[in-house]
Amino acid sequence: MEGKEAAARQAVTLIEDGMVIGLGTGTTSAFMLQALGERIANEGLRVRAVPTSVRSREMAEQYRIPLVELSEVVTLDMTIDGADEVDGALNLIKGGGGALVREKIVAAASRTFVVICDDSKIKPFLGAHPLPVAVVPFGVESTRQKLRRFTETVVIRLVPDDSNAYHGRTPFVTDDGLYIFDLHLGTIRDVPALEASLRSVVGVAEVGLFVQMASRVIVGYADGHTKELLPGLP
Ligand code: 5RP
């Protein structure tokens, strides 16, 4: 079992009968969806779930996980989602899979936000991974110019392997119709300040910095064991 799966399976043991669950997006969350589907099928576990992307919705349907709209439930008991990087204060970079807007809304609506990842995601500081920033397509070059205040390297995310793309330049469009800039920042020293500054840029819809939102981080290792990180603990 790889580390991502170990973390995902451990997180799914935390789900209790009757809970409303937020379903993350990405390869680690895919293991979580599979494990949750198994508990529903084998134990008759009753949950309702809110997916954070169209892809996770499709997978949840495949695993027969009952779904509900966020606007119907407003608050969730628990969300389980992956991360691109986790620092010592449990701040996160998210959005590698392009779902950061819905992921942040769902996490913020949850009483408990459980992050699942393998040990490669744990870093002393955030920033080695490019920071995803979701922007409104209108005026995208004006927004890019403003973002260059933070770094020269502001890369628009493109559709991977798009055979129709002209010179490969078809922007990736999120489930909410947004584009994504990946900002190559290097070490981020003050995560809350950067998040606030980026969010104040006109045209920015959301920033992939999740500042102290995680209730716990479950880290999985290649040998199948897991470790739990809690806020405020070394
Ligand atoms: C998607 C995300 C993912 O949680 C993040 O990219 C981690 O992905 P993976 O589990 O595939 O490593 O934020 O928007």
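Please read these numbers as outputs of a predicted model, since none were measured by experiment.

Attention now goes to the pattern of salt bridges. Applying the stated criterion to the full structure yields 18 salt bridges. Asp17 is paired through a salt bridge with Arg46; the nearest N and O atoms lie 2.3 Å apart. Residue Asp17 is found in the loop between helix 1 (3-12) and strand 1 (20-23), and its partner Arg46 is found in the loop between helix 2 (27-43) and strand 2 (48-51); the two are separated by 29 residues along the sequence. Accessibility expressed as a relative area gives 57% for Arg46, which makes it exposed. In this structure, Arg39 and Glu43 form a salt bridge, with 3.1 Å as the shortest nitrogen-oxygen distance. Here the residue Arg39 and the residue Glu43 both occupy positions in helix 2, the gap between them amounting to 4 residues, near one helical turn. You can call Arg39 buried: its relative accessible area is 17%. Here the residues in one salt-bridge network are Lys104, Glu195, Arg199 and Glu206, joined through shared partners.

What the 6 strands build is an open sheet, ordered 2-1-3-6-12-13; its pairing is mixed. The open sheet has two edge strands with one neighbour each: strand 2 and strand 13 (226-229). Averaged over all adjacent pairs, the angle separating strand axes in this sheet is 20 degrees, with direction ignored. Looking at chain direction, strand 3 (residues 76-81) and strand 6 (residues 110-118) are connected through 5 bridges and run parallel. Residue Met78 lies in a different strand from strand 6, and its bridge partner there is Thr112. Contacting strand 1, strand 3 and strand 6, helix 2 runs over the sheet at an angle of about 115 degrees to strand 6. Against the sheet, helix 5 (residues 100-108) contacts strand 1, strand 2, strand 3 and strand 6, and its axis sits at roughly 130 degrees relative to strand 6.

Moving on, we get to the pairing of strand 7 (residues 131-135). With respect to burial, strand 7 is a largely interior element, 5 of its 5 residues being buried. Bridge count for strand 7 against strand 10 (residues 204-207) is 3 bridges, and the pairing is antiparallel. Its bridge partner lying in strand 10, Val135 is registered against Val204.

In this section: the environment of Val140. In this structure, Val140 sits in helix 6 (residues 140-147). The class for Val140 is buried, based on a relative accessible area of 14%. Separated by 16 residues in the primary sequence, Val140 and Ile156 have C-alpha atoms spaced 9.5 Å apart. Excluding its chain neighbours within four sequence positions, the residues that come into contact with Val140 are Val135, Ile156, Tyr179 and Phe181.

Scoring rules and cut-offs
- In this convention, every chain numbers its residues from 1, walking through the sequence in written order.
- Confidence filtering applies because this is a predicted model: local features only for residues at pLDDT of at least 70, side-chain atom pairs given and counted only at 80 or more, and all residues used for totals across whole chains, interfaces and linings.
- The side-chain values count all of the structure's non-hydrogen atoms but skip hydrogen atoms and water molecules.
- Only one rule defines a salt bridge in this text: a Lys or Arg side-chain nitrogen within 4 Å of an Asp or Glu carboxyl oxygen.
- Every helix listed is a DSSP run of H or I at least four residues long, and every strand listed is a run of E at least two residues long, numbered separately from the N terminus.
- Relative accessibility thresholds used throughout: buried, under 20% of the residue-type maximum; exposed, over 50%; partly exposed, between the two (1.4 Å probe, protein chains only).
- One bridge is not enough; two strands pair if DSSP finds at least two bridges between them.
- A fitted line through C-alpha atoms serves as each axis, taken over the contacting stretch for helices, and the angle formed by two N-to-C directions is quoted from 0 to 180°.
- Two residues qualify as a contact provided that any one of their heavy atoms is within 4.5 Å of a heavy atom in the partner residue.

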